[in-house]
Amino acid sequence: MVKGKLILICQSGGEFVTKDDGSLSYDGGEANAVAINPETTLDDLKLKLAELLNFDHRSLSIKYFLPGNKQTLITLGNDKDLKRMYDYHAGSVTADVFVIGKAGFDREAVTIDAGRASGIKLAETVPSLKASQATPAGTSAANLTPDSPGTARSPITFDISCTPADTVKKRRRGASRKTTAKRGAVSKNVRKTRKYASRRKRKQNDSEEDEDEEEEERDTSPEPDDSDGALKVAAHFNNLSPEEMVAMWKDSITGVGQEFRSVIEFRDALQKFSIAHRFRYKFKKNETNRASGMCAAEGCCWSFYASWVPSERVFRIKKMNETHTCGDSSKTAHPTKNWLVSIIKEKLRESPHHKPKEISKSILRDFGVSLNYTQVYRGIEGAREQLQGSYKEAYNQLPLFCDKLLEANPGSIVKFLIDDDRKFQRLFISFEASIYGFQNGCRPLLFLDSTSLRSKYHEILLVATAFDGEDGIFPVALAIVDTESDENWHWFLEQLSSAVSTTRSITFVSDKQKGLVEPVLKVFENAHHGYSIYYLLDDFMKNLKGPFHGDGKGSLPVNFLAAACAPRLDGFRICAEQIKRISSNAYDWIMQIEPECWTNAAFKGESYHQITFDVSESYTNWIEEVWEQPIIQKLERILSKMTELINNRRTASSGWSTKLIPSKEEQIKEASQRARYLKVLFSSDTLFEVQGDSTHVVDMNKRDCTCLVWKATGLPCHHAIAVFNCTGRNVYDYCSNYFTVDSYRSTYSKSIKLVEGNFKPSAKEKAPAEGEENILPPSASRTPSSHQKRRRKILGIEHRTVTCTKCKGIGHNKVSCKENIEE
C-alpha cells in the first residue's frame, strides 16, 4: 500500500440490521474498494462513487462507524468530516464505509460538479458479497488483484486520468468564415441530401428578411429544454483559468453559417462571446425560433440574425455584421442569470463563504463584467440552490425527516407544527439518549438559550443544555421556531417538561432580558431560576457610565464576578462596596437586580456560577460551516455534532480507572495535601472543629463546612478531608454522585442514531388534500424579538447616554461642551 493512502471498502445496496446488543450489521449488497489520501475532498469522493455505483451524486450519502463502535453511524458532511474519518483510521489499511443514494447516475447533471483535480485512485472492485465478506480474512484490500481468489473484475471501466466532464463535450457545428459567403449557406453534404427547399428561400436576397419564411420556421421550431446548454455553460471549462476561458470564448461566435443545437446553445455562445470581447448587446427579437440583435452602444453597426432551420433541425446564424463602430465602449457585457450562477457556483465550490462584494470584484477582475449587489446576491442564491438544494423546498421534507428520526430513536420526542397557512412554525427534538443521560448522570441544571440559524427566513434555535461532571455541555433538547417570542418559549418549556422528569427540583439559568422567570416557574412549579453570569456581565459592561475612580473601569468585571461568586452575603457586600468606590452608577446597576437570582450567597438552587461562558456559542459554531445550507442540512449538522460529542466522550471515559472523573480527582488530591497541616478537635460525633490559618466547623450530617466550599462545589473541602483522615472515613463516600465516573458514563451511555437521505415524500407515503401539497417557510420579515423590546424596558434606557469627559455632564461630549473650565 502506498504510504498515506487509506482503502475504503464502500458497501452499498444492503440494509442495516440491529442485533440484540444494539450493534448494527450490514447485510446484502456489494462492496467496492476506493483509495483516498489526506488531500481527497468529499466532493471528489462522491463524484467517483456516484459513477462507480450508478447513484445520483446529489442524493449520495456516505456513513461510517467509529473504531470499536458498531452502534452509531457517522455521516460525512464536509471535507473536515472526511479528514476526521481518515485520522480515525490512520493506523489501519482499510476502513468500511456505507454508501446510500438514489439509483441512476446522471452524467449530464454532474458535468458542472466534475473537472477538478482529485486525489482518488480507484482500486479493484470487490465481488458482490455481503459486507462482512467483502475482504477475506487475512487479506488486505491493497493486495486484492483481478486474479486473486475471491475477486472479480468490475463490469465498470473507469479511466482515472479523466473526469466525467472530460467525456461530455458540447457539440457545436461550425462553418468557417472563408467558406460561407452567404447567409443560410449549408455544407455540400447537407445540400446533396436535402429533398426540398423553399422557393422563397432560394429567391431570398442577402439583405432581406422574409416574414413568411419566419412564420413557416416558427410553426416547426422545437421547444428547447431550459435545462440544456445554458445551465451547463462552464461544463468543460472547469479545468481552465478565467484567462483561458475568456480566450476560448472569443471564438464561440464565428459568423454566418455557424450552427447550434438550439436557441439556448446560441444564447450561451453569444453571452460568452460578448464577455470575451467586452461589449454589451441587446435583442431585437428573442424567441425560440429566431433571435436578432445589435450592439448596445448607440450608432454601432455590429448586429446579427439567427433562426431555426426545421429541415436540418439546427439553429443557424444567417446574417451578421461583425464590425464594431462604437470604439471602446464604456458598457461591459450584461450577463445572463444562468451564466452568472455557473461562475459563482465554481467560486462557492472553492470557498463556500464568499461574500457578494468579493465575488463581484473577482468577476470584474476575471471577466470584465460589472455587477451590482442585487445581481450577485441572486446569483449566489441560485448557485447555492444548485449545489445544496432549495432552502424553500427543504421545509416540505421536515415531516418525513421527523418520522425517520422517531423511527430510528424510539423513546425520543419529536414534534412538528405548522400554522393555518401551512407555514413552518415550530419543531421540537429531544432524543431518548439525551433524556436518559440528563436524568441519570447530570446535575439538575439546565441553561436556556437561543441563537439565530442565519437564514433569510430568520429562524431561531432554542436549546436546553445540561452540564456533565466535567462542566462540558450536554444538549438535552432543541427547537427551531419561526421567531423568538414569549409564546414560543412557553411552548418549548411545555415540551421540555414532557421530556424530563420533574420529580427532582431543576435549576434553570437564562439571560435576564429574555424574561423567562415567570414562564419557567409556571411550567416547572418546584424549579429555581437564575440569571446567566455571562449575559449579566455583558450587560453590565455595556451599560457602564462614567466617571470612574480608584482602580478604574478595567477592574469592574473582576469585582462583578467576585460579587456573584461570593459564598456569603457579607462577602457580596464587600465586593459591591468596592464597585461603588469605582463607579456609583455601576453600583446602582447591580443593586437593582434581585440578588436571589444571581448571587451565590442568596441563590437557593443548584450552584452554577462557575459557568461564565456563552453556552449558545457551541451551537453557533456547529452550524458555522453550513449556515448557508437548507434547514435539513443544518439539523443534520447539529445532530451529527451531538452524536460525535456523545461518542467521543464515551470513548474517552472508557479508559478512566479512578472513582471520580479526572478533574475532580485532581481537586481531591490537592485538598488532601492541604488537609495534612490542619488540626482536628472533636466536638461531638458529627461536629468537628478544624484549626489552621482560621477555624472552621465541619458538620458531617449536613455535609457542610463553615467555609461553604463543600456545599457550593459538591466536593469535600480540605477541612472536611482532615476530619475524614482522623475518623477513618472514606472521602469518596462524601463526594457528589454527579462527579463519579459511573455517572459520567451513564450520561453518555446511549447513542443518537442519525438519518440522512432524500426526505421528499413519495406518492405512496403522502396523499395530501388539494391545496396542501407544500409546507412553506416562515415569513421572511424580521420583527424585533420580545426580549429585545424588554431589554430597554428593564434597563430604563432608550438610547445609550453620552457622558462628557470634560465637564462630566450627561447628554453631550467634549466637542460640543459649552462649559468654561478654568485651568
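Position numbers for residues count from 1 along each chain, tracking the sequence in the order it is written. The model is predicted, so local features are restricted to residues of pLDDT at least 70 and side-chain atom pairs to those at 80 or more, both for listing and for counting; the totals for chains, interfaces and linings are taken over all residues. By convention in this description, side-chain values take in all heavy atoms of the structure and omit both hydrogens and water.

In the annotation of an unreviewed UniProt entry, the entry for the protein chain reads Protein FAR1-RELATED SEQUENCE like, and the organism field reads Melia azedarach.

Asker: Before we go on, may I ask you to explain the nonpolar core in this structure?
Answerer: The tendency in soluble globular proteins is for nonpolar side chains to be buried as a group. Counting residues in each nonpolar core, the largest one holds 100 residues, and the members touching the most others are Leu448 and Leu496. Residue contacts follow a heavy-atom distance rule, with two residues in contact if any of their heavy atoms lie within 4.5 Å. Beyond its immediate sequence surroundings of up to four residues, Leu448 is in contact with Val463, Ala464, Trp489, Phe492, Leu493, Leu496, Phe508, Val509, Ser510, Asp511, Leu516 and Val520. The nonpolar core is taken to be a set of buried Ala, Val, Leu, Ile, Met, Phe, Trp, Tyr and Cys residues, with the residues joined through side-chain atoms within 4.5 Å. When a residue's accessible area, from a 1.4 Å probe over protein chains only, is under 20% of the maximum for its type it is buried; when over 50% it is exposed; and in between it is partly exposed. Counting 25 residues, the second-largest nonpolar core is a separate cluster that includes Val34, Tyr64, Leu76 and Ala95.

Asker: Got a minute to help me understand the sheet that holds strand 22 (residues 687–691) in this structure?
Answerer: To summarise the sheet geometry, strands pair through backbone hydrogen bonds and adopt either a parallel or an antiparallel arrangement. Two strands are said to pair when DSSP picks up at least two bridges between them. Secondary structure elements follow DSSP: runs of H or I no shorter than four residues count as helices, runs of E no shorter than two count as strands, and numbering proceeds from the N terminus. Strand order in this open sheet of four strands is 21-22-23-24, and the pairing throughout is antiparallel. On the outer flanks of this sheet lie strand 21 (679–682) and strand 24 (704–705), each paired with one strand and no other.

Asker: What's the story with the packing of aromatic side chains in this structure? I'm lost.
Answerer: Two descriptors summarise a pair of aromatic rings, namely the distance from one centre to the other and the angle between the planes of the rings. Ring pairs are drawn from Phe, Tyr and Trp, using the six-membered ring of Trp, whenever the two centres fall within 6.5 Å, and their geometry is named by plane angle: stacked under 30 degrees, edge-to-face over 60, tilted for the rest. Applying the stated criterion across every chain, the model contains 38 aromatic pairs. Aromatic pair Trp656 and Tyr744: ring centres 4.8 Å apart, planes at 50°, arrangement tilted. Linking Trp656 in the loop between helix 22 (631–653) and helix 23 (662–675) with Tyr744 in helix 26 (residues 741–747), this pair joins segments that are 88 residues apart in sequence. The class for Tyr744 is buried, based on a relative accessible area of 5%. Among the aromatic side chains, those forming a connected cluster through ring pairs are Phe260, Phe266, Phe273, Phe279, Tyr281, Phe283, Trp302, Phe304 and Phe315. Between the NZ or CZ atom of Arg504 and the centre of the ring of Phe438, over which it lies, the distance is 4.9 Å. The ring of Phe739 carries the charged tip of Lys664 above its face, separated from the ring centre by 4.7 Å. Counting as a charge over the ring demands two things of the Lys NZ or Arg CZ atom: a distance within 6 Å of the ring centre and an angle within 35 degrees of the ring normal.

Asker: Teacher, can you tell me more about the environment of Phe279 here?
Answerer: Within the secondary structure, Phe279 sits in the loop between helix 8 (263–276) and strand 10 (281–286). According to the relative accessible area criterion, Phe279 is buried, its value standing at 3%. C-alpha of Phe279 to C-alpha of Val369: the two residues are 90 residues apart in sequence and 9.5 Å apart in space.

Asker: Even after reading the chapter, I still don't get the environment of His89, so can you show me in this structure?
Answerer: Tracing the backbone through its elements, the reader meets His89 in the loop between helix 2 (79–88) and strand 7 (94–100). Look at His89 and you get buried, because its relative accessible area is 9%. Linking His89 and Leu66, residues 23 residues apart in sequence, is a C-alpha distance of 8.7 Å. Non-local contacts of His89, meaning those with residues more than four positions away in its chain, are made with Leu6, Tyr64, Phe65, Pro67 and Ala95. Side-chain polar atoms of His89 contact the backbone oxygen of Met85, separated by 3.0 Å. Counting of polar contacts relies on pairs of N or O atoms within 3.5 Å, with two restrictions inside protein: one atom must be capable of donating a hydrogen and the other of accepting it, and residues adjacent in sequence are counted only when both atoms are side-chain atoms.

Asker: Would you explain the sheet that holds strand 18 (residues 473–481) in this entry?
Answerer: Pairing is mixed in the open sheet, where seven strands are placed in the order 14-15-18-17-16-19-20. Either end of the sheet is taken by a strand with one partner, and the two such strands are strand 14 (413–418) and strand 20 (528–531). Across the sheet, the mean angle separating the axes of adjacent strands is 20° when strand polarity is ignored. Bridging between strand 16 (residues 445–452) and strand 19 (residues 507–510) involves three bridges; their strand directions are parallel. Looking at the pairing, Leu446 lines up with Phe508 of strand 19. Axis lines are fitted through C-alpha atoms, for helices just across the contact stretch, and the angle between N-to-C directions can take any value from 0 to 180 degrees.

Asker: Would you mind showing me how to read the pairing of strand 20 here?
Answerer: Consecutive side chains along a regular strand alternate between the two faces of the sheet. Pairing of strand 19 with strand 20, which is carried by four bridges, proceeds in the parallel orientation. Bridging from a neighbouring strand, Phe508 pairs with His529 of strand 20. In this view, the connection linking strand 19 to its parallel neighbour strand 20 by way of helix 16 (residues 517–523) has right-handed handedness. By convention, orient the strands away from the viewer: a clockwise path from the first strand over the helix to the second makes the crossover right-handed.

Asker: Where do I start with the pattern of salt bridges in this structure?
Answerer: Salt bridge, as applied in this entry: a Lys or Arg side-chain nitrogen positioned within 4 Å of an Asp or Glu carboxyl oxygen. Tallied over the full model, the rule gives 17 salt bridges. Close ionic contact of Arg84 with Glu644 constitutes a salt bridge, the shortest N to O distance being 3.4 Å. Taken together, the residues span a long stretch of sequence, with Arg84 in helix 2 and Glu644 in helix 22 at a distance of 560 residues. Its relative accessible area of 15% is what places Glu644 among the buried residues. In this structure, Arg426 engages Glu487 in a salt bridge whose closest nitrogen and oxygen atoms are separated by 3.2 Å.

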